[in-house]
Amino acid sequence: AQTVTQSQPEMSVQEAETVTLSCTYDTSENNYYLFWYKQPPSRQMILVIRQEAYKQQNATENRFSVNFQKAAKSFSLKISDSQLGDTAMYFCAFMKEYNQGGKLIFGQGTELSVKP
Amino acid sequence: GAVVSQHPSRVICKSGTSVKIECRSLDFQATTMFWYRQFPKQSLMLMATSNEGSKATYEQGVEKDKFLINHASLTLSTLTVTSAHPEDSSFYICSALGAAGEKLFFGSGTQLSVL
């Protein structure tokens, strides 16, 4: 069975600075997807970034980037130039290949506070 | 972009009554939909997977007779909480997998409060 672990329940960062959220996972699959989702106070789940395991290049989306270490089963999220609107719960998630069901396994979450 | 509509956004009911939550894919066909439950300050826990036209697959520990799931069409899945109790109070979120199988979209969630 797959597991996802986020070891930082809470983090805070000053506005405009950089913060890194950690995530590790365990799987015996070779092909899979990893995600970071943001859940603001509205509780709408918002996809931040997606990484395909077969791609060696780390995914980036504007101020958000990941450090994907497949051998170490590590998938951290870096937020650059943090903004007040980045304040939210962040969930790391694992999915087997889409054609194997599309089921997401979530980590425990990290509550990020961006301070002015 | 694709939208998943979930209704109601908030419901309050009396203990012992049943509550139905709808999850609709508005501009795509969803072959598979998922139902999650989330307690305050906690993660999303998968309850069940529903495929159009077939019985839902429930995760271990989830009572299928209590949480009835119906996926009668490619755009609609419903979750019915039967004989609700206060411990069923939670935030329920659905997600839908597009027929092309490459995108997953979330509904906006339903806060259920059982008095």
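Just so we're clear, the structure is a prediction, and the values are computed from it rather than from any experiment.

Draft legend 1. Structural context of the overall build of chain A. For chain A, the helix and strand inventory stands at zero helices and 12 strands. Over its C-alpha trace chain A gives a radius of gyration of 14 Å, about what one expects of a compact globule, namely 13 Å for 116 residues. On the principal axes, the C-alpha backbone points of chain A span a range of 40 × 25 × 20 Å. Taking the contacts inside chain A whose residues are at least 6 apart along the sequence as the reference set, 56% of them involve residues at least 24 apart.

Draft legend 2. Seen up close, the environment of threonine 20 of chain A. Within the secondary structure layout, threonine 20 of chain A lies in strand β3 (residues 19-21). Residue threonine 20 of chain A is classed as partly exposed on the basis of its relative accessible area of 35%.

Draft legend 3. Broad picture of the state of the cysteines. By the definition in use, this model includes two disulfides over all chains. A disulfide bridge connects cysteine 23 of chain A with cysteine 92 of chain A, and the sulfur atoms are separated by 2.0 Å. Every disulfide takes its handedness from the sign of the S-S torsion; for cysteine 23 of chain A and cysteine 92 of chain A that torsion is -70°, giving left-handed. Of this pair, cysteine 23 of chain A sits in the loop between β3 and β4 (24-26) while cysteine 92 of chain A sits in strand β10 (residues 88-96), and the two are 69 residues apart along the sequence. Judged by its relative accessible area of 2%, cysteine 23 of chain A falls in the buried class. Across the disulfide, cysteine 23 of chain B is cross-linked to cysteine 94 of chain B (sulfur-sulfur distance 2.0 Å). Disulfide cysteine 23 of chain B-cysteine 94 of chain B: the torsion about the S-S bond is 80°, which places it as right-handed. Linking cysteine 23 of chain B in strand β3 (residues 19-25) with cysteine 94 of chain B in strand β9 (residues 90-98), this pair joins segments that are 71 residues apart in sequence.

Basis of the calculations
Residues numbered from 1 in each chain as written. Chains lettered and ligands numbered in written order. Predicted model: local features only at pLDDT ≥ 70, side-chain atom pairs only at ≥ 80, totals over all residues. Heavy atoms only, no water. Helix = DSSP H or I, 4+ residues; strand = E, 2+ residues; numbered from the N terminus. Rg over C-alpha atoms; globule rule 2.2 N^0.38 Å. Contact = heavy atoms within 4.5 Å. Buried < 20%, exposed > 50% of the residue type's maximum accessible area, 1.4 Å probe, protein only. Disulfide = S-S within 2.5 Å.

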